[in-house]
Amino acid sequence: MGSADNHHIAPGFRFDPSAGGRETLPGSWAAHWKATPERPALRFADGTALNYGELEAASRRAAGRLHSAGLGAGERVLFSAASSAQGVVAHVACLRLGLVVIPANTAYRQAEVAHVVGDARPSAAIVDEPQRGEWIRAAADIPVLTPDLPLDEAPAPILDQSAAESPALIGYTSGTTGRPKGAVLSHGNLLSSVEALRLAWRWSPDDRLVLALPLFHMHGLGVGLHGTLHAGASAMILPRFDPDEVLDAAAAFDATLFFGVPTLYHRLMQSDRVSELARLRLCVSGSAPLPAELHARFEAQTGQRIIERYGMTETVMLVSNPVEGDRRPGTVGLPLPGVEMRLAGEPPEIEVRGPNVFAGYLDRPDANAEAFREDGFFRTGDLGHLDEAGYLCIAGRARELLISGGYNVYPREVEEALGEHPEIVESAVVGTPSEEWGDAVTAYLVPRPGAQPTVAEVRHFLGERLAPYKHPRTVYCVEALPRNALGKVQKHRLENGRILDEEAD
Ligand code: MCA
Ligand code: AMP
């Protein structure tokens, strides 16, 4: 499995991670701003529309304001807000100034926010909700701004000066310890990945994307927003996912592209309007496994053969089914241009290397030593094998990770929070297969004698500690957790509220 950058690329095209010497995302965007200022860039649910020239001007003004607040290249800005025109302009301004953006889920609770602030030490934060602002101020004495950046107007310094190696984004993602680590992505990493997608998905300036994914994770931000602006294309950005709103936007905007996690496709399939998606050029799914059966039902209703692809916060996008050629349900496809992939060890773990792969976690030499092989390959923690056509199938995970609705949930983090509950002695958190969520978070609890915590009580207790999507949807009380001779909890024996016999292994 070499760097194989041929199967995705149309004849006459060539992959260059610097995208023709543009080196950084703002470098690439600036070329479009200059060449086609009149072309539509972004539209928002509130009716705001920005063409490329307007995005350049608005982000320049926003960069001037950030600069007037004393923020300069290399400093970090935490960003946690629902999708809006002002938020996108602020994000673009940050990258143009050389600020390093730290996206944070708006569902995070105080302790989760405080961890990111303490770990990444941002110089400022941009949030759209006063309570989150208070949590940030409680964790660090930094300016907390709203996305409209209410700061003094000032001329922007020279923009778009970052180098390919300069950090652009720090994406927080948990390890097995449940303590999220900051994956530092450079401008070069972000650019090379969207350049690979531009070529592989034939993303052209004529494409119009409906983007209903949050912009505080890599799928919506690093693929949807950055990819649109890099291709010189346009996007309709919605602040939330609602099937009717997506279908209305697709019609009004004459959309050609839709990106979703499997939960979105599952929900679209519940709509009797789903066949309207037949008009699109490409529907792409990722962030969690897309069941082959959902793939087939979606095709039957819409005629669309969803392109499933695979990526990670640490690497942006890695592998995709091809636009031209066989799209194989149940597989994530073939390595994207520039990505070297190999399967190593037993069971085989997916390892990757390439211009899109991050250089390491922030201030975590131990985690980095574990995550990278000596020859630079990054261990994804995902297990895989190739099918008979050489397409990658994700077979499971080497690390304990559940994916609910496209969001990662680390059982250990939930178990640690449950451990603080006065009536719970210990717990084991597992995923129950769910058509809607993929993994539905499920907790087996060993209560104190006489106690019988309900799911409502448990969720209420977790309410101040963990983002709601990490909360168990079901809890079961058991007398003891099943353990092996070494005392390790045997989670595979926990099923349907029961403890399976050991022979069932
Ligand atoms: C919301 N809820 C969830 C989830 N989302 N529960 C479990 N899992 C979830 N993902 C809960 C809320 O806490 C709430 O619970 C109830 O559902 C309704 O909340 P609401 O906000 O209305 O939910 P929603 O708007 O319907 O959200 C569902 C969603 C959302 C649209 C599927 O989760 C979503 O946007 N997911 C996409 C995530 C994503 O972008 N992942 C990419 C990561 P209660 O009623 O109890 O209060 S990047 C990545 O993975 C890599 C790079 C890659 O390969 O892409
Ligand atoms: P995140 O840390 O949020 O970036 O999530 C990355 C993880 O999502 C990967 O390591 C995979 O486990 C999972 N993932 C992403 N895309 C897919 C996919 N198409 N199929 C299965 N798992 C996926």
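As shown above, the structure is provided for reference.
Residues numbered from 1 in each chain as written. Chains lettered and ligands numbered in written order. Predicted model: local features only at pLDDT ≥ 70, side-chain atom pairs only at ≥ 80, totals over all residues. Heavy atoms only, no water.

**Q** Is there a simple way to think about empty space enclosed by the protein in this case?
**A** One way to see where empty space is left: roll a probe the size of a water molecule over the atoms. Taken as a whole, this structure holds three cavities of 30 Å³ or more when the rule is applied. The space that makes up the largest cavity amounts to roughly 100 Å³. Along the walls of the largest cavity sit Pro103, Ala104, Asn105, Tyr108, Leu169, Gly171, Tyr172, Phe216, His217, Met218, Leu221 and Thr313, which together make up its complete lining. Sorting the residues of the lining of the largest cavity by element identifies strand S7 (167–173) and helix H7 (218–231) as the ones contributing at least two each. When residues in the lining of the largest cavity are grouped by element, the largest group, three residues, is from S7. (1 Å grid on protein atoms, 1.4 Å probe; cavity = no way out; pocket = protein on both sides within 12 Å on 5 of 7 lines; lining within 4 Å. Points joined across faces, edges and corners; volume = space filled by probe spheres on them. Helix = DSSP H or I, 4+ residues; strand = E, 2+ residues; numbered from the N terminus.)

**Q** For this particular structure, what's the right way to read the sheet that holds strand S20 (residues 392–397)?
**A** Here we have four strands laid out as an open sheet, ordered S16-S17-S19-S20, and antiparallel in their pairing. Looking along the sheet, the strands with just one partner apiece sit at the ends: strand S16 (340–344) and S20. The sheet shows a mean angle of 50° between the axes of neighbouring strands, direction not considered. Judged from the three bridges that link them, strand S17 (residues 349–353) and strand S19 (residues 378–386) form a sheet pairing that is antiparallel. By the bridge assignment, Glu351 is partnered in S19 with Arg379. (Pairing = 2+ DSSP bridges. Axes fitted to C-alpha atoms, helices over the stretch in contact; angles between N-to-C directions.)

**Q** Would you mind showing me how to read the layout of surface pockets here?
**A** The computed volume of the second largest pocket comes to approximately 510 Å³. Every residue lining the second largest pocket is counted, 21 residues in all, and those nearest its centre are Glu400, Val429, Lys488, Val489 and Lys491. Counting only elements with at least two residues in the lining of the second largest pocket, the list comes to helix H12 (411–418) and strand S23 (424–434). Broken down by element, the lining of the second largest pocket gets its largest block of residues, five residues, from S23.

**Q** Which parts of the structure should I look at to understand helix H8 (residues 243–252)?
**A** Because an α-helix completes one turn every 3.6 residues, residues spaced three or four positions apart along the sequence face the same direction. Along H8, the positions that sit buried rather than exposed are Pro243, Val246, Leu247, Ala249 and Ala250. Buried residues of H8, viewed axially, fall in a sector of 160°; they line one side. Looking at the buried residues of H8, the elements they touch are strand S9 (208–211), strand S10 (234–237), strand S11 (257–260) and helix H9 (262–269). Where H8 begins, the side chain of Asp242 points an oxygen toward the backbone nitrogen of Asp244, at a separation of 3.1 Å. (Buried < 20%, exposed > 50% of the residue type's maximum accessible area, 1.4 Å probe, protein only. Arc of directions from axis to C-beta. Contact = heavy atoms within 4.5 Å. Polar contact = N/O pair within 3.5 Å; in protein donor to acceptor, adjacent residues only side chain to side chain.)

**Q** Is there a simple way to think about the sheet that holds strand S1 (residues 40–44) in this case?
**A** Pairing between the strands of a sheet comes from backbone hydrogen bonds, and it takes one of two forms, parallel or antiparallel. An order of S2-S1-S10-S9-S11-S12-S13-S14-S15 is seen for the nine strands of this open sheet, with the pairing classed as mixed. Across the chains shown, the open sheet's two edge strands, defined by having one partner strand only, are strand S2 (49–51) and strand S15 (334–335).

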